[in-house]
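Chain residues, written in single-letter form:
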Amino acid sequence: MKPSALTRISLRTVALGYLFVLLLLPLIIILWRTFENGIGAFIESITTPAAQSAFQLSLLIVAIVVPVNVVFGVVTAIALVRGRFPGRNLVQGIVDLPFAVSPVVVGVALILFWGAGGWLGGIENLGLKVIFNLPGMVIATIFVTLPFVVREVEPVLHEIGDDQEQAAATLGASRWQTFWRITLPAIRWGLTYGVVLTVARALGEFGAVIMVSSALPGQSLTLTLLVHGRYINDHNSFGAYCAATLLMGMALVVLLLMTLLERKRGAK
């Protein structure tokens, strides 16, 4: 039964109103509060030493997390699609674990594992401090971003099959040559989309990172923690809005990349 014109208009109005109130209106308020004192005040707020350090640390974490997730994500996806081994279903479940477990729980688990008195807490005696330092923040971010590359590459591998890979092996190509010349070109768009999702998630991660970070400016303060610290601890609402706007701008760039990649992938 085809809905009437009135019904369609009503549904669209409700959907658009819901999105406006839930998403657009808060963003508009943040932008208005950010630029109500002029763009000069905004630039001054995001160029403080603490803000610059937070921005650089966020990019550093992304720069570490993305290559790690690319390598292990592609390897895991190939193993799950091409391999048949005991515990395969268990690995599938572990890959999806970050979707089900709260990031705060992840942070607590890392503290129990790597912190003082934890199973591997003795590593601090060797001069490597994990918890409340950069390594802990990186590990927490890797965990929460683990599924994205795997889940974007896996369906592509299913779709292309392994006929070309077997043909290359029959012609004498090594596994590395087969991967570099056959598999990688075939999965490039899925892999790229997974990388973009990983970047977006890594930039916006808060729950797991705040549990394993000291949140000290210049040491372990990311942009998300800067927004929290300015708003809650320093009662600097304007500074928090400016940091949130900077983070939102980075997220917008990632969103545009996702849209372009989705169109390219759909055209293939």
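Please read these numbers as outputs of a predicted model, since none were measured by experiment.

With that out of the way, let us pick up the overall build of the protein chain. Counting secondary structure elements, the protein chain contains eleven helices and zero strands. Across its three principal directions, the C-alpha atoms of the protein chain cover 70 × 70 × 35 Å. A buried classification covers 35% of the 268 residues belonging to the protein chain. Within the structure as shown, the protein chain displays about 15,600 Å² of accessible surface, and the carbon and sulfur contribution to it stands at 69%. Averaging the locations of the 18 positively and 13 negatively charged side chains of the protein chain gives two centres separated by 8 Å.

Further remarks concern unusual backbone geometry. Notably, F132 is not glycine yet its phi reads approximately 60 degrees, a positive angle. As for its position among the elements, F132 is in the loop between α5 (103–114) and α6 (134–160). Using a relative accessible area of 39% as the deciding quantity, one classes F132 as partly exposed. Although it is not a glycine, H235 adopts a positive phi angle of roughly 55 degrees. Mapped onto the elements of the fold, H235 is located in the loop between α10 (223–233) and α11 (237–267).

Bringing the UniProt feature "domain: ABC transmembrane type-1" (unreviewed entry) in the protein chain into the picture now. When the UniProt feature table is mapped onto this chain numbering, "domain: ABC transmembrane type-1" (unreviewed entry) sits at residues 55–259. Summarising residues 55–259: 77% helix, 0% strand, and an end-to-end C-alpha distance of 24 Å.

Okay, the UniProt feature "transmembrane region" (unreviewed entry) in the protein chain next. UniProt feature "transmembrane region" (unreviewed entry): in the numbering of this structure it lies at residues 12–35, 55–81, 93–114, 126–150, 191–218 and 238–261. For residues 126–150, the helix share is 68%, the strand share is 0%, and the end-to-end C-alpha distance is 34 Å. With 100% helix and 0% strand, the stretch residues 238–261 has end C-alpha atoms that lie 35 Å from each other.

A few words now on the packing of helix α4 (residues 88–100) against α6. Where α4 meets α6, the axes come as close as 7 Å, and the angle between the chain directions of the two elements is 125 degrees. Taken as axis vectors, α4 and α6 run oblique relative to one another. Crossing of α4 against α6: the hand is left-handed. Here Q92, I94, V95, D96, L97, P98 and F99 of α4 lie close against α6, whose contacting residues are F143, V144, L146, P147, F148, V150, R151 and E154. Residue classes in the contact of α4 with α6 are distributed as eleven nonpolar, one polar and three charged.

Helix α8 (residues 175–204) packs onto α6 with a crossing angle of 155 degrees between their chain directions and a minimal axis gap of 8 Å. By the angle class used here, α6 and α8 are roughly antiparallel. Pair α6 / α8 crosses with right-handed handedness. Note on element contacts: α8 touches α6 through T183, A186, I187, G190, L191, Y193, G194, V195, L197, T198, R201 and A202, opposite T141, V144, T145, F148, V149, E152, V153, V156, L157 and I160.

In this section: the side chain of T34. Tracing the backbone shows T34 in helix α1 (residues 5–35). A relative accessible area of 0% means that T34 is categorised as buried. Within the structure, T34 has its side chain in polar contact with the side chain of T245 (distance 2.7 Å). Beyond its immediate stretch of four places on either side in the chain, T34 contacts F42, F238, Y241, C242 and T245.

Let's shift gears to the pattern of salt bridges. Scanning the model with the defined rule gives four salt bridges in all. Linking R82 and E165 is a salt bridge whose minimum nitrogen-to-oxygen distance equals 3.0 Å. You can see R82 sitting in helix α3 (residues 49–82) and its partner E165 sitting in helix α7 (residues 163–170), a full 83 residues away along the chain. Taking the relative accessible area as the measure of exposure, E165 reaches 16% and is therefore buried.

Okay, a nonpolar patch on the surface next. On the surface, a cluster of nonpolar side chains totalling about 1,100 Å² of accessible area is made up of L16, Y18, L19, F20, V21, L22, L23, L24, L25, L27, I28 and I29. Here L22 shows up in helix α1.

Now for the packing of aromatic side chains. Taken as a whole and judged by the stated rule, the model has six aromatic pairs. Centroid distance F113 to W114: 5.5 Å. Interplanar angle 80 degrees. Geometry classified as edge-to-face. In this structure F113 comes out as partly exposed when scored by relative accessible area, which is 31%.

What follows deals with the nonpolar core. Core analysis: the largest hydrophobic core is formed by 43 residues, its most contacted members being L110, M137, L223 and L226. Of all the secondary structure elements, the ones that give two or more residues to this core are α2 (39–46), α3, α5, α6, α8, α9 (207–211), α10 and α11. For this core, the leading source of residues is α11, giving ten residues. Excluding its chain neighbours within four sequence positions, the residues that come into contact with L223 are A54, F55, S58, L246, L247 and M250. Core analysis: the next-biggest nonpolar cluster, separate from the first, contains twelve residues, V95, V149, V153 and V156 among them.

About the criteria used
Residues numbered from 1 in each chain as written. Predicted model: local features only at pLDDT ≥ 70, side-chain atom pairs only at ≥ 80, totals over all residues. Heavy atoms only, no water. Helix = DSSP H or I, 4+ residues; strand = E, 2+ residues; numbered from the N terminus. Buried < 20%, exposed > 50% of the residue type's maximum accessible area, 1.4 Å probe, protein only. Areas by Shrake-Rupley, 256 points an atom, 1.4 Å probe, with all protein chains shown as cover. Lys, Arg positive; Asp, Glu negative; His and termini not counted. Charge placed at Lys NZ, Arg CZ, Asp CG, Glu CD. UniProt positions renumbered as here; feature names shortened; annotations may be inferred. Axes fitted to C-alpha atoms, helices over the stretch in contact; angles between N-to-C directions. Parallel < 35°, antiparallel > 145°, perpendicular 65-115°, else oblique. Left-handed = near helix turned anticlockwise from the far one by under 90°. Contact = heavy atoms within 4.5 Å. Nonpolar A, V, L, I, M, F, W, Y, C, P; charged D, E, K, R; others polar. Polar contact = N/O pair within 3.5 Å; in protein donor to acceptor, adjacent residues only side chain to side chain. Salt bridge = Lys/Arg side-chain N within 4 Å of Asp/Glu carboxyl O. Patch = residues over 30% accessible without salt bridge, like charges linked within 9 Å, V, L, I, M, F, W, Y side chains within 5 Å. Phe/Tyr/Trp six-rings, centres within 6.5 Å; stacked < 30°, edge-to-face > 60°. Core = buried A, V, L, I, M, F, W, Y, C linked by side-chain atoms within 4.5 Å.

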